[in-house]
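Each chain is listed here by its residues.
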Amino acid sequence: LCAKYNIPTAAYRRFTNADDAKAWVCDKGAPIVVKADGLAAGKGVTVAMTIDEALAAIDDAMTDGKFGDAGDEVVIEEFLEGEEASFFALCDGDTALPLLSAQDHKAAFDGDKGPNTGGMGAYAPAPIMTEFQIDAVMERIILPTIKGMKAEGRPYKGVLFAGLMITSDGPQLIEHNVRFGDPECQVLMTLIRSDILPALIAAHDGVLKTFDLRWRDEVAMSVVMAAQGYPDGYEKGSSINNLDAAEADEDVFVFHAGTDRDAQGQLIATGGRVLNVTGVGASVGEAQAKAYNAIDRIDWPEGFCRRDIGWRAIARETKDA
Ligand code: GLY
């Protein structure tokens, strides 16, 4: 579809055989990206800075079965230089209504170090997505995708998520997801002023053309609190306390991703990514301060979070101040 509709994207090749994939990597060199070509809870992508890392990622997926069937095929993709952003549009089969952009932090640890995760924190809107970039994404990526899907007899209705790299040649498509992102959804839903339901119904009914949505003119940041050990092995069942104190600020919202109540009514962790602590403020810095102040009130020794969500945007804010 991308080739047919001229959608700018990273060059890639799909492999069903590990030796062929390895030969390709050795020929192309690093940095290079290795992706398990199935659903792997956001953990199937390795941005390999060396050939050895890429070869190990191919073994993980294709030989060692780290991602189950999702690793039977791998995609080896060109490494693109730039800044990543997630862009969301609501589609009704014919047209698309831009929602907001966001920036996620996929690596488990501060400084974008450690293994890839489903996402450790996000903020919206992404400062790199200027009006110029948004227009480019709509014109060159979102609308051609919708047009192409329709022309191929599969009109798409729903949320279209474009994972982008903003390069010096403009936005390039890394992947599409047909859903909201996690934790990008949490920041979008915190910023939306309109009721989302009529918009979803309009998408279903094919009448988005005349639709509009209102957003808070602020920044939201959501920081993921995960169980220690995530994205690898982690314990379930630890107690979480003091959420009321965390949510005392009216600009703080805590979304539950992996929690439950035990027989005594105690809140417990039941997943890898457990809470999304979300702050809203006039700037990325303010939203970040609200989110981390709330996190500091939460009593959950078995949890951890990154402490630098939004670092890129905050560096930019500080430079511009
Ligand atoms: N946070 C990335 C995703 O939902 O795919």
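Look up a bit, the structure's there.
Within every chain, residues take consecutive numbers counted from 1 along the sequence as written. Whole-chain, interface and lining totals are the exception, using all residues; otherwise, since this is a predicted model, local features are given only for residues with pLDDT of at least 70 and side-chain atom pairs are given and counted only at 80 or more. The side-chain numbers reported here are obtained from all heavy atoms of the structure, hydrogens and water having been left aside.

Tell me about the site of the ligand, and name the residues and values.
Note on definitions. A residue lies near a molecule or strand when any single heavy atom of the residue is within 4 Å of it. Neighbouring the ligand are Asp104, Lys106, Gly118, Phe161, Asn177, Arg179, Gly181, Asp182, Pro183 and Glu184. Side-chain polar atom of Asp104 to a nitrogen atom of the ligand: 2.7 Å apart, as the coordinates give it. One of the side-chain N or O atoms of Arg179 is found 2.7 Å from an oxygen atom in the ligand. The protein chains hide 92% of the 200 Å² of surface that the ligand would expose on its own. In this classification, Asp, Glu, Lys and Arg are treated as charged, Ala, Val, Leu, Ile, Met, Phe, Trp, Tyr, Cys and Pro as nonpolar, and every other residue, Gly included, as polar. Taken together, the residues of the shell around the ligand break down into two nonpolar, three polar and five charged. Any pair of N or O atoms that falls within 3.5 Å is considered a polar contact. Within protein, one atom must be able to donate a hydrogen and the other to accept it, and sequence-neighbouring residues count only if both atoms are side-chain atoms. Here the open area of atoms and residues is found with the Shrake-Rupley method and a 1.4 Å probe, where only the protein chains shown may cover a residue.

Explain helix H4 (residues 184–191) to me, using residue names and the numbers behind them.
Relative accessibility under 20% of the residue-type maximum defines a buried residue, over 50% an exposed one, and the middle range a partly exposed one, all with a 1.4 Å probe and only protein chains included. By the criteria applied, helices consist of DSSP H or I runs no shorter than four residues and strands consist of E runs no shorter than two, each listed in order from the N terminus. Among the eight residues that make up H4, six are buried, leaving the element largely enclosed by the rest of the structure. Within H4, the full set of buried residues consists of Glu184, Gln186, Val187, Leu188, Thr190 and Leu191.

Got a sec to walk through the nonpolar core? Specific residues and values, please.
Here, the term nonpolar core denotes a set of buried Ala, Val, Leu, Ile, Met, Phe, Trp, Tyr and Cys residues that are joined through side-chain atoms within 4.5 Å. By size, the foremost hydrophobic cluster in this structure holds 28 residues, and its most contacted members are Val223, Met225, Ile240, Leu275, Val277, Ile298 and Trp300. For this core, the secondary structure elements donating two or more residues are strand E12 (219–227), helix H6 (243–246), strand E13 (252–256), strand E15 (267–269), strand E16 (273–281), helix H7 (284–297) and helix H8 (311–320). When residues in this core are grouped by element, the largest group, six residues, is from H7. Setting aside chain neighbours within four positions, we find Val277 in contact with Met221, Ser222, Val223, Met225, Val252, Phe253, Val254, Ala291, Ala294, Ile295 and Ile298. With 23 residues, the next largest nonpolar core counts Ala102, Leu191, Ala199 and Leu213 among its residues. Note on definitions: a residue-residue contact is assigned when non-hydrogen atoms from the two residues lie within 4.5 Å.

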